[in-house]
Amino acid sequence: MVNPLQTLSLADLRRRTSEKWRRYPPDVLPLWVAEMDVPLAEPVARALTEAVALGDTGYPVNGTDYTAALAGFARERWGWTPPVEQSALVPDVMLGVVEMLKLVTGPGDAVVINPPVYPPFFGFVWGGERRIVEARLSAEYRLDPDALERAFAEAVAGGRPAAYLLCSPHNPTGTVHTADELTMVIELADRYGVRVVVDEIHAPLVYPGAVFRPYLSMPGSERGLVLFSASKAWNLAGVKAAVAMAGPEAGADLARMPKVAGDGASHLGVIAHTAALRHGGPWLDEVLAGLDRNRRLLGDLLAELLPEVRYRVPEGTYLAWLDCRELALPEGAAGGPADPAEVFLERGRVAVVSGSLFGTGGAGYVRFNLAASPELITEAVRRMAAALR
Ligand SMILES: Cc1ncc(COP(=O)(O)O)c(C=O)c1O
């Protein structure tokens, strides 16, 4: 099979109308938002084409079909069977996160997150009228038990309910949490009475050497709530759908989710995602092989062209988190060094995401999207290096 990351030409990709390709002028190489430069997996394209030919564009069945499709994939890849009967369709992961937080906390209650983290975690938690308590990742980009314990203690102070929104695997660092780390989370959450909500959208995107552990497969996770979507791994963000799943002791919470919350999923989304989960495994493996090469290629390119940039090869996700604090950056508007993302954009015509959007610990970093052809990645790093000359 051809590497899906090398199938489409730059000219093809520029004809796309999605955000990745339309935000910046055509001389900019877009390596920012988490979309992949791949054609659709053939089984997904077929399922969508058949649905369109049939005019099968009505409402989705608001039930457990999606989780049933996930079950086969999860059994094969992770040796775990999701709780199909304790699951519900949601429009997408972030709206699902908001619904889960509403089930276990009230306005003004705290939600613990681990910055630097996916920027919408901040906006959606604030938008849901919850307050954020930060537990920063360690210098090695791992969960920090001491920071987590302090944050949990602060979150539940005064006897208030609190939640912990865990990103597993973690965006932007690509950290894949180990069984021991998840056990630590479970023990601390139990001790402090914090409810754990886990975003597992990047779960299928894990490289050899790391092992993804579904949160609900862990002993003691019975009160957990988890969100999953095939949208990242099969590049289906534009055909939205996702599922919420509850551990055995959280089923009653999930049952309180208003039915209308599930009505926002797209029927075409459910069709595409279920086809991906049922038949898209071989395609995913091809993409993962290409991404695995890209994550190493980026390391080689940086070592050669931008040796001051520090980069830990991600264990999962197609995101690379680059520490640019040692770069000789020009002075920014505020007096200190400029935001590296701005320098790369303005002088190099490469769009990456500014680390400052990821909260505490993100300033001076950029997030680089690896889901592109090796040629595009090579050209981008060359331009980034040239931008500093
Ligand atoms: C960790 C994480 N959660 C959620 C999302 C968005 O998912 P959705 O479009 O299903 O809300 C992303 C997108 O990149 C993500 O990285």
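Everything that follows concerns the structure shown earlier in this document.
Rules behind the numbers
- Residues numbered from 1 in each chain as written.
- Predicted model: local features only at pLDDT ≥ 70, side-chain atom pairs only at ≥ 80, totals over all residues.
- Heavy atoms only, no water.
- Near = heavy atom within 4 Å.
- Polar contact = N/O pair within 3.5 Å; in protein donor to acceptor, adjacent residues only side chain to side chain.
- Areas by Shrake-Rupley, 256 points an atom, 1.4 Å probe, with all protein chains shown as cover.
- Nonpolar A, V, L, I, M, F, W, Y, C, P; charged D, E, K, R; others polar.
- Axes fitted to C-alpha atoms, helices over the stretch in contact; angles between N-to-C directions.
- Helix = DSSP H or I, 4+ residues; strand = E, 2+ residues; numbered from the N terminus.
- Parallel < 35°, antiparallel > 145°, perpendicular 65-115°, else oblique.
- Left-handed = near helix turned anticlockwise from the far one by under 90°.
- Contact = heavy atoms within 4.5 Å.
- Pairing = 2+ DSSP bridges.
- Salt bridge = Lys/Arg side-chain N within 4 Å of Asp/Glu carboxyl O.
- Buried < 20%, exposed > 50% of the residue type's maximum accessible area, 1.4 Å probe, protein only.
- Core = buried A, V, L, I, M, F, W, Y, C linked by side-chain atoms within 4.5 Å.
- Phe/Tyr/Trp six-rings, centres within 6.5 Å; stacked < 30°, edge-to-face > 60°.
- Arc of directions from axis to C-beta.

Undergrad: What is the right way to read the site of the ligand from this model?
TA: The immediate surroundings of the ligand are formed by A34, D92, V93, M94, Y118, C167, N171, D199, I201, H202, K232 and K240. Between the ligand and the protein, one listed contact pairs a nitrogen atom with a side-chain N or O atom of D199 at 2.5 Å. Taking H202, its side chain carries an N or O atom lying 2.8 Å from an oxygen atom of the ligand. Here the ligand loses 92% of its free accessible area of 400 Å² to cover by the protein chains. Considering only residue class, the shell around the ligand consists of six nonpolar, two polar and four charged.

Undergrad: Explain the packing of helix α7 (residues 145–155) against helix α8 (residues 179–192) here, please?
TA: For any two helices packed against each other, the geometry comes down to the angle between their axes and how far apart the axes lie. As a packed pair, α7 and α8 sit with axes 10 Å apart at the nearest point and diverge in direction by 20°. Taken together, the axis directions place α7 and α8 in an arrangement best described as roughly parallel. The way α7 lies across α8 gives a crossing that is right-handed. Here P145, L148, E149, F152 and A153 of α7 come into contact with α8, specifically with M184, V185, L188, A189, R191 and Y192. Among the residues forming the contact of α7 with α8, the class breakdown is nine nonpolar, no polar and two charged.

Undergrad: Even after reading the chapter, I still don't get the sheet that holds strand β2 (residues 87–90), so can you show me in this structure?
TA: The pairing of strands in a sheet comes from backbone hydrogen bonds and takes either a parallel or an antiparallel form. One open sheet accounts for seven strands, arranged β2-β8-β7-β6-β5-β3-β4; its pairing is mixed. The open sheet has two edge strands with one neighbour each: β2 and β4 (131–134). Neighbour-to-neighbour, the strand axes of this sheet turn through a mean angle of 25°, independent of strand direction. Across three bridges, strand β3 (residues 110–113) lies against strand β5 (residues 162–167) in parallel orientation. In the sheet register, V111 faces β5, and the bridge partner there is A163. The strands touched by helix α6 (residues 120–127) within the sheet are β3, β4, β5 and β6 (194–199), with β4 carrying the most contacts at an inclination of about 140°. In the packing of α8 onto the sheet, the strands contacted are β5 and β6, and the crossing angle to β6 comes to about 145°.

Undergrad: Please explain the pattern of salt bridges as it appears in this structure.
TA: Side-chain pairing between opposite charges can occur once the charged atoms of the two side chains come close. Inspection of every chain in the model, using the stated rule, returns 21 salt bridges. One salt bridge in this structure joins R160 and D109, with 3.0 Å as the shortest N-O distance. Of the two residues, R160 sits in the loop between α7 and β5 while D109 sits in the loop between α5 (93–104) and β3, which places them 51 residues apart along the sequence. In this structure R160 comes out as partly exposed when scored by relative accessible area, which is 35%. Among the charged side chains, a network of salt bridges with common partners joins R310, D323, R325 and E326.

Undergrad: Would you explain the environment of V196 in this entry?
TA: By secondary structure assignment, the location of V196 is in strand β6. Taking the C-alpha atoms as reference points, V196 and Y164, separated by 32 residues in sequence, lie 4.8 Å from one another. When neighbours within four sequence positions are excluded, V196 is seen to be in contact with Y164, V185, A189, Y215, G224 and L225.

Undergrad: Looking at this structure, how should I read the side chain of D323?
TA: Assignment of secondary structure puts D323 in strand β10 (residues 319–323). For D323, a relative accessible area of 3% translates into the label buried. Engagement of the side chain of D323 in a polar contact is seen with the side chain of R325, the distance being 2.8 Å. Side-chain polar atoms of D323 contact the side chain of Y365, separated by 3.4 Å. In this structure, D323 is in contact with Y141, E308, V309, R310, G364 and Y365, ignoring residues within four places of it in sequence.

Undergrad: Whenever I open this one, the nonpolar core confuses me. Can you help?
TA: As a rule of thumb, soluble globular proteins bury nonpolar side chains together. Core analysis: the biggest nonpolar cluster contains 114 residues, and Y164, W234, L298, Y318, L322 and F368 have the highest contact counts within it. If one sorts the elements of this core by residue count, helix α11 (residues 281–305) sits on top with eight residues. Once residues within four sequence positions are removed from consideration, L322 is found in contact with L298, L302, V309, R310, Y311, G364, Y365, V366, F368 and M384. Residues A88, M94, F121 and A244 belong to the second largest nonpolar core, which totals 29 residues.

Undergrad: Help me understand the pairing of strand β8 (residues 242–246), please; the structure alone is not making it clear to me.
TA: If a strand is regular, its side chains alternate between the two faces of the sheet. Most of β8 sits out of view: five of its five residues are buried. The alternating pattern of β8 places A242, A244 and A246 on one face and V243 and M245 on the opposite face, and all of these are buried. Bridging between β2 and β8 involves four bridges; their strand directions are antiparallel. Bridged to S87 within β8 is M245.

Undergrad: Sorry if this is basic, but what is going on with the packing of aromatic side chains here?
TA: The geometry of an aromatic ring pair is captured by the separation of the ring centres together with the interplanar angle, meaning the angle of the planes. According to the stated counting rule, one finds 11 aromatic pairs in the structure shown. With centroids separated by 5.6 Å and ring planes inclined at 85°, the aromatic side chains of Y24 and W32 adopt a geometry described as edge-to-face. Using a relative accessible area of 23% as the deciding quantity, one classes Y24 as partly exposed. Ring geometry for F152 against Y192: centres 6.5 Å apart, planes inclined by 65°, an arrangement best described as edge-to-face. Within this pair, whereas F152 is found in helix α7, its partner Y192 is found in helix α8, the two being separated by 40 residues in sequence.

Undergrad: Even after reading the chapter, I still don't get α7, so can you show me in this structure?
TA: Every α-helix carries 3.6 residues per turn, so stepping three or four residues along brings you back to the same face. Restricting attention to buried positions, one finds in α7 the residues A147, L148, A151, F152 and A155. Seen from one end, α7 has its buried residues packed into an arc of 130°, which puts them on one side. With respect to the buried face of α7, the exposed residues turned more than 90 degrees away are D146 and R150. Turning to α7, the residues buried within the fold contact β3, β4, β5, α8 and β6. Between the side-chain oxygen of the N-cap and the backbone nitrogen of D146 there are 3.0 Å, and the N-cap of α7 in question is D144.

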